[in-house]
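Coordinates in review
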Amino acid sequence: AGCHAMMVNAINAGNVGLHFYGKYATRGGMFEASHAKNLTVLQSAGDVYDTQDKNELSLIYGPTGGLFSLECRNYGCYFGNYKSDNGLSDINATFTGCNCTVLEDCANTWDLTCPGNETNSFIDGKCESDSNNCCDTTSVTSIEDRFDTQLKSCGGDNGGGSGGDGLSGGAIAGIIIGILIFIIIIAGGGYYYYKNKKCEEPLLVND
């Protein structure tokens, strides 16, 4: 079940690395590294989340200025709970693993906190509030681009940041099969018509 309500104080540490494995690796606690030189967080999970799961992950308070690195492996960042001076723009998120086909599968709900306890959420590929507090469109686009880069490296052709508008491989195969069946039906019908017409033509008898 992982660690519950763990409190870690690494405010003035040098390089801090946090690795979380599994859906419930850490819940209800706080990891503070707000003035660390670098904070690297790995969240990894191979199990799919469902509608009964809730965002109960520990709060990770990271540094600002691009020093907060977050690696999302497969479903590991489906939920997130982060705090920093500038919110989402401080989080240098990257994606690894090939389990997700759209961004919402890998990064569904991130609760964000900024100084003064201002809050926002990154939900389903967009900021919950348009106030730009803790979450802005530029940061969202950056996350989408990084996810799309990973998706392409996994063999995906469609941009998955916003769900993708392209057809899946199964849909394309279904269309091709449908076209082939249509051609066969037309060809068979033409051949049947030609045979019947030929049989109905009168025979010419020479005296």
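Bear in mind that the values here come from a model prediction, so they are computed numbers and not experimental data. (Residues numbered from 1 in each chain as written. Predicted model: local features only at pLDDT ≥ 70, side-chain atom pairs only at ≥ 80, totals over all residues. Heavy atoms only, no water.)

Details of the overall build of the protein
Inclusion rule: Helix and strand definitions here come from DSSP, where helices need a minimum of 4 consecutive H or I residues and strands a minimum of 2 consecutive E residues; each element is numbered from the N-terminal end. Buried means the residue's accessible area, taken with a 1.4 Å probe over protein chains only, is under 20% of the maximum for its type, while exposed means over 50%, and partly exposed covers the values in between. Computed with a 1.4 Å probe, the accessible areas rest on the Shrake-Rupley method; for each residue, only the protein chains presented here act as cover.
Counting its secondary structure elements, the protein contains three helices and 13 strands. Put simply, the protein has 207 residues, and 37% of those count as buried. Of the accessible surface of the protein, which amounts to about 12,100 Å², a share of 54% is contributed by carbon and sulfur atoms.

Section: unusual backbone geometry
The phi dihedral of Asn74 is positive, around 50°, even though this residue is not glycine. Examined against the element boundaries, Asn74 turns out to sit in strand S8 (residues 68-74). Phi at Cys134 takes a positive value of approximately 70°, unusual for a residue other than glycine. Relative to the helices and strands, Cys134 resides in the loop between strand S13 (126-127) and helix H2 (137-153).

Things to note about the sheet that holds strand S6 (residues 38-45)
How we decide: Here the rule is simple: two strands pair whenever DSSP picks up at least two bridges between them. Between N-to-C directions, angles cover 0 to 180 degrees, with each direction set by a line fitted to C-alpha atoms, over the stretch in contact for helices.
Ordered by their spatial adjacency, four strands build an open sheet running S3-S6-S8-S10, and the pairing between neighbours is parallel. Each of the sheet's edge strands pairs with one partner strand only, and the pair in question is strand S3 (15-21) and strand S10 (91-96). Between one strand axis and the next, the sheet turns through 15° on average, direction left out of account. The pairing of S3 with S6 spans seven bridges and is parallel. The residue bridging Gly17 from the neighbouring strand is Thr40, located in S6.

Details of the nonpolar core
Rule in force here: To form a nonpolar core, buried Ala, Val, Leu, Ile, Met, Phe, Trp, Tyr and Cys residues must be joined to one another through side-chain atoms within 4.5 Å. Working rule for contacts: check all heavy atoms of both residues, and any pair within 4.5 Å makes them a contact.
Membership of the largest hydrophobic core comes to 41 residues, with the highest contact counts inside it found for Tyr82, Leu88, Trp110, Leu112 and Phe122. When contributions to this core are tallied by element, the ones reaching two or more residues are S3, S6, S8, strand S9 (79-83), S10, helix H1 (103-106), strand S11 (109-114) and H2. Look past the residues within four positions of Leu112 in its chain and what remains in contact with it is Tyr82, Leu88, Ile91, Glu118, Thr119, Asn120, Ser121, Phe122, Cys134 and Cys135.

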